[in-house]
Amino acid sequence: MSRRPLIAGNWKMHLTVTESVQLAEAIAATGSNCPDRDVLIAPPFTALAAVSNAVAKSPLLVAAQNVAWEQQGAFTGEISPTMLTDLGVAWAIVGHSERRQIFGESSAMINRRLHGALANAVHPILCIGETLTERESEQTFAVLQQQIEEGLDQVTAEQLHNIVLAYEPVWAIGTGKTATKEQAQEVHAFIRGLLTTMYEKSLADSIRILYGGSVKPDNIDDLMAQTDIDGVLVGGAALQAESFSRIICFQ
Ligand code: PGA
């Protein structure tokens, strides 16, 4: 089963509009040098309109870093899926560990966000991952299973086609400690196996599972060589054109 690689950059709460457009344009230029893979960037909400506009003619995909479930209403501080599609933005990260841990988002809320995206033609990237304490107490698989079952609650096979999963061990995010390629592959294989019990095997085999957590130019090639790693979600190293370009053009 060949799955098209997806290299995604999460810019988090960084960059002004001008800086965002400059970086997006530089990435769009590199992306075209390394074909046969999807490249996605997730700028902050303030830069989405300008970035979406700047790269509209390139194959670069643009995502929001979160999305609400309703189309409009009294939801102070939220951005709806139709507000994203209005900008030509067809992707959204949901359930990033920073949303879960710092902002207290529950799996039930994340599931609502995911359904809101799906109902409005926005592709969700559902993030899951265990903390260091959970890993050290050998709860990794149980935690991931719960996050996946709750995150994908009421998701049909037809809808799953439009979803990307991202395994991001919380202890590896922003810490410089990447999971080893063996640790990452072990978890990715577990996730795909779990999807096989929830959906048809052929569907589970077609779903892209990204790895995230301190992905850098010097570990990208090893990670992408693993059977069940179909791409990466990159934070820090996605903020510079040079390092992200090297990651895009993995070998
Ligand atoms: P990092 O972030 O690459 O800076 O570890 C990854 C992420 O949070 O998606």
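To keep things clear, this report deals only with the structure shown in the data block. (Residues numbered from 1 in each chain as written. Predicted model: local features only at pLDDT ≥ 70, side-chain atom pairs only at ≥ 80, totals over all residues. Heavy atoms only, no water.)

## A short note on the packing of helix α1 (residues 17-31) against helix α2 (residues 45-54)
Then comes step 1: Packing of α1 against α2 leaves a shortest axis separation of 9 Å and a crossing angle of 35 degrees. With respect to the hand of their crossing, α1 and α2 are arranged in right-handed fashion. Mapping the contact onto sequence places V17, S20, V21, A24 and E25 in α1 and T46, A47, A50, V51 and A54 in α2.
Then comes step 2: Partitioned by chemical class, the residues of the contact of α1 with α2 number 7 nonpolar, 2 polar and 1 charged. (Axes fitted to C-alpha atoms, helices over the stretch in contact; angles between N-to-C directions. Helix = DSSP H or I, 4+ residues; strand = E, 2+ residues; numbered from the N terminus. Left-handed = near helix turned anticlockwise from the far one by under 90°. Contact = heavy atoms within 4.5 Å. Nonpolar A, V, L, I, M, F, W, Y, C, P; charged D, E, K, R; others polar.)

## Focus: helix α9 (residues 181-198)
Given 3.6 residues per helical turn, the α-helix brings residues three or four places apart onto the same face.
Then comes step 1: The terminal C-alpha atoms of α9, which comprises 18 residues, lie 26 Å apart, in line with the 26 Å expected from a rise of 1.5 Å per residue.
Then comes step 2: All of the buried residues in α9 are A184, Q185, V187, H188, I191, R192, L194 and L195. (Expected span 1.5 Å × (residues − 1). Buried < 20%, exposed > 50% of the residue type's maximum accessible area, 1.4 Å probe, protein only.)

## Examining the layout of surface pockets
Then comes step 1: Looking at the largest pocket, its volume works out to about 510 Å³.
Then comes step 2: Lining the largest pocket are 20 residues; nearest its centre among them are K12, M13, F45, Q65 and R99.
Then comes step 3: When residues of the lining of the largest pocket are traced back to their parent elements, those giving at least two are α2 and α4 (97-101).
Then comes step 4: What the second largest pocket holds in volume is close to 170 Å³.
Then comes step 5: As for the second largest pocket, its lining consists of 14 residues, and the residues nearest its centre are G31, R37, V39, P59 and L60.
Then comes step 6: Residue classes in the lining of the second largest pocket are distributed as 7 nonpolar, 3 polar and 4 charged. (1 Å grid on protein atoms, 1.4 Å probe; cavity = no way out; pocket = protein on both sides within 12 Å on 5 of 7 lines; lining within 4 Å. Points joined across faces, edges and corners; volume = space filled by probe spheres on them.)

## Considerations on the sheet that holds strand β7 (residues 209-212)
Strand pairing in a sheet relies on backbone hydrogen bonds. The paired strands run either parallel or antiparallel.
Then comes step 1: One closed barrel accounts for 8 strands, arranged β1-β2-β3-β4-β5-β6-β7-β8; its pairing is parallel. When strand polarity is set aside, the average angle formed by the axes of neighbouring strands in this sheet is 25 degrees.
Then comes step 2: Here strand β6 (residues 164-167) runs beside β7; their pairing, made up of 3 bridges, is parallel. In the sheet register, L165 faces β7, and the bridge partner there is I209.
Then comes step 3: Where α2 meets the sheet, its contacts fall on β2 (38-42) and β3 (61-64), and the angle it forms with β3 comes to roughly 160 degrees.
Then comes step 4: Where helix α12 (residues 241-248) meets the sheet, it contacts β1 (6-10), β2 and β8 (231-234), and its direction lies at approximately 160 degrees from that of β1. (Pairing = 2+ DSSP bridges.)

## Here we look at the environment of T140
Then comes step 1: Along the chain, T140 falls in helix α7 (residues 140-151).
Then comes step 2: Put simply, T140 and P169 are 29 residues apart on the chain and 9.1 Å apart in space, counted from C-alpha to C-alpha.
Then comes step 3: Those residues in contact with T140 that sit more than four places away from it in its chain are E130, E134, R135 and V187.

## Here's the deal with the environment of W11
Then comes step 1: Looking at the element boundaries, W11 is found in the loop between β1 and α1.
Then comes step 2: A relative accessible area of 0% means that W11 is categorised as buried.
Then comes step 3: Residue contacts for W11: discarding those within four places in its chain leaves S20, L23, A24, I27, I41, A42, P43, P44, Q65, A238 and L239.

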